[in-house]
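# Analysis of the macromolecular model
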Amino acid sequence: MYVCLCNAISDKAIKKSIADGATTMRELYNEHDIGKQCGKCCKDVKGILNEELLKLADELLVKVA
């Protein structure tokens, strides 16, 4: 699914960036140029970022426990 229509950025591209180490919106803005035109994608990208970071945290907790 496209989260940024202006720049044709998919949710898969955002998730890959997070898996590769991006942890902030600023990092995602810089890597993908999201939010620089209409800005409608920012809310969706923030939601994806939060979901993926929670998944990563849960995985770490399982490994530690």
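Parameters at a glance
- Residues numbered from 1 in each chain as written.
- Predicted model: local features only at pLDDT ≥ 70, side-chain atom pairs only at ≥ 80, totals over all residues.
- Heavy atoms only, no water.
- Helix = DSSP H or I, 4+ residues; strand = E, 2+ residues; numbered from the N terminus.
- Contact = heavy atoms within 4.5 Å.
- Salt bridge = Lys/Arg side-chain N within 4 Å of Asp/Glu carboxyl O.
- Buried < 20%, exposed > 50% of the residue type's maximum accessible area, 1.4 Å probe, protein only.
- Core = buried A, V, L, I, M, F, W, Y, C linked by side-chain atoms within 4.5 Å.

The next subject is the environment of Ile48. Tracing the backbone through its elements, the reader meets Ile48 in helix H3 (residues 41-64). It is 7.6 Å that separates the C-alpha atoms of Ile48 and Asp11, two residues lying 37 residues apart in sequence. Once residues lying within four places of it in the same chain are set aside, the contact partners of Ile48 are Val3, Asp11, Ile14, Lys15 and Ile18.

Side chains that differ in sign of charge can pair as their charged atoms come close. Evaluation of the coordinates by the stated rule reveals 3 salt bridges. Between Asp20 and Lys16 there is a salt bridge, and its shortest N-O distance comes to 2.7 Å. For the pair Asp20 and Lys16, one class covers both residues: exposed. When the shortest N-O distance is used, the salt bridge between Glu52 and Lys55 registers 3.3 Å. Of this pair, Glu52 and Lys55 both sit in helix H3, separated by 3 residues, roughly a single helical turn. Judged by its relative accessible area of 13%, Glu52 falls in the buried class. Judged by its relative accessible area of 43%, Lys55 is partly exposed.

Moving on to the nonpolar core. Ile14, Ile18, Leu28, Ile34 and Val45 are the most contacted members of the largest nonpolar core, which totals 13 residues. Listing elements by their share of this core, those giving two or more residues are strand E1 (2-4), helix H1 (11-19), helix H2 (25-32) and H3. Residues contacting Val45, with those up to four places away along its chain left out, are Val3, Ile14, Met25, Leu28 and Ile34.

What follows deals with the environment of Cys42. As for its placement among the helices and strands, Cys42 is situated in helix H3. The residues contacting Cys42, other than those within four sequence positions of it, are Met25, Tyr29 and Gly35.

Purely geometric numbers; function is a separate question.
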